[in-house]
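# Residue-level structure breakdown
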Amino acid sequence: MTAPVADVADRADAGLAPADLAAKYGLTLSGRRPSLARYSVELWARRHFVLAFATARLTANYSSARLGQIWQVMTPLLNAAVYYLVFGLLLQQNRGIPNYIAYLCTGIFTFQFTQSAVLAGTRSISGNLGLIRALHFPRACLPVSMTILQLQELLVSMSVLGAIILATGEPLTARWLLIVPTLLLQTVFNAGAAMLLARWGSKTTDLAQLMPFIIRTWMYMSGVFWSVQSLSAHIPSSIRTLLYLNPALIFNELMRYALMASVPASSLSPHIWATAVGWAVVAGAIGYVHFWRAEEQYGRG
């Protein structure tokens, strides 16, 4: 009498280690992190999902507000009005800065792009656990889509910023074309920072509560309300060097130079374009690799 096929298979598999048994039947670990190259290919293949997800979230963010997407423009304008009252009129930070209104608005709009991308990236994993557990896709899609979402908001706001720049007496010049490389570098930097903080925020949920205070401190050090050139004579050279290396200040200065003829090239920090490229490459690469290394952990805690 012959034994059942299943019993024969069981005896043949007896004594095999789990790894050997998996290899015998061609089994792989569910959710295993792919190689970095493979991961990049999968992420690129889902670029349409990233864009669609960002657009859908952008629409949903303002669907419950009566004014809808007008708040994309109203929020930075209201912030500019408040900061102009405090820093321009009360604290007199406008001294020595030509066209302070345009200077302030450009700094606020530009910094808000980084601020919003970083804050949204911090919550991108912890706030989408249902999606992560239901579907298989590269988790980097989430912080990247949050960055794209904030870029979409900025592009809408840029039309209003451009109107403010022109209304305050600045001419339309060929330097406005520098907006494109400036935004490209800032977007890469923001995406890297968002991925870095997305991994940290997925494990430490309290980070999302702490980040607004860190971001606010960063804003005060980034030349949004004041000119670093006006402080150069009053601060040590080491502090001045650190200020010039601040990526948020760099992108603020580049955007002001692009939009405002009253901002000369001589007022820019040394090697500013090289520094901006360096920040984009370093932040983008480190953030991406750091996020990828924990790919199989997202949604399992």
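The paragraphs below set out a description of the structure included in this document. What you are looking at is a predicted structure, and each value in this text was computed from that prediction instead of being measured.

This brings us to the nonpolar core. Counting 53 residues, the largest nonpolar core has Leu161, Ile165, Ile179, Met211, Phe225, Leu259 and Met260 as the members making the most contacts within it. When residues of this core are traced back to their parent elements, those giving at least two are helix 5 (71–90), helix 6 (100–122), helix 8 (141–167), helix 9 (179–203), helix 10 (207–220), helix 12 (237–244), helix 13 (247–259) and helix 14 (272–292). Looking at this core element by element, the count peaks at 11 residues for helix 6. Ranked by size, the runner-up nonpolar core spans 22 residues in total, among them Tyr39, Leu58, Tyr288 and Phe291.

This part is about helix 13. Between the first and last C-alpha of helix 13 there are 18 Å, a value that for 13 residues agrees with the 18 Å anticipated at 1.5 Å per step. Within helix 13, 13 of the 13 residues are buried, which leaves the element mostly enclosed by the surrounding structure. The N-cap of helix 13, judged by a side-chain oxygen 3.0 Å from the amide nitrogen of Ala248 a few residues on, is Asn246.

This part covers the packing of aromatic side chains. Counting across every chain of the model gives 9 aromatic pairs. Pairing Tyr39 with Tyr288 gives two aromatic rings, centres 6.0 Å apart and planes at 40°, and the pair type is tilted. Linking Tyr39 in helix 3 (residues 36–45) with Tyr288 in helix 14, this pair joins segments that are 249 residues apart in sequence. Residue class for Tyr39 comes out buried when judged on its relative accessible area of 1%. Geometrically, the ring pair formed by Phe49 and Phe137 is tilted, given 5.6 Å between the ring centres and 55° between the ring planes. You can see Phe49 sitting in helix 4 (residues 47–61) and its partner Phe137 sitting in the loop between helix 7 (129–134) and helix 8, a full 88 residues away along the chain. Among the residues examined, Phe137 registers a relative accessible area of 4% and is labelled buried. An aromatic cluster is built from Phe49, Phe53 and Phe137, whose rings are joined through pairwise contacts.

Each value, and the rule that gives it
- Along every chain, residues carry numbers that run from 1 in the direction the sequence is written.
- Only residues with pLDDT of at least 70 get local features here, since the model is predicted, and only at 80 or more are side-chain atom pairs given and counted; chain-wide, interface and lining totals rely on the full set of residues.
- Think of the side-chain values as coming from all heavy atoms in the structure, minus any hydrogens and water.
- Buried Ala, Val, Leu, Ile, Met, Phe, Trp, Tyr and Cys residues form a nonpolar core when they are joined through side-chain atoms within 4.5 Å.
- The buried label goes to any residue with under 20% of its type's maximum accessible area, the exposed label to any with over 50%, and the partly exposed label to all in between, with areas taken from a 1.4 Å probe on protein chains only.
- Runs of E in the DSSP output that reach at least two residues are strands. Runs of H or I that reach at least four are helices, and both are numbered from the N terminus.
- How far a helix is expected to stretch is found by multiplying one less than its residue total by 1.5 Å.
- Identification of polar contacts relies on pairs of N or O atoms within 3.5 Å, with a donor-acceptor requirement for protein atoms, meaning one able to donate a hydrogen and the other able to accept it, and with residues adjacent in sequence counted only if both atoms are side-chain atoms.
- Aromatic pairing here means that ring centres of Phe, Tyr or Trp (its six-membered ring) are within 6.5 Å. Orientation follows from the plane angle: under 30 degrees is stacked, over 60 is edge-to-face, and everything else is tilted.

Remember, this is a structural readout, not a statement about activity or role.
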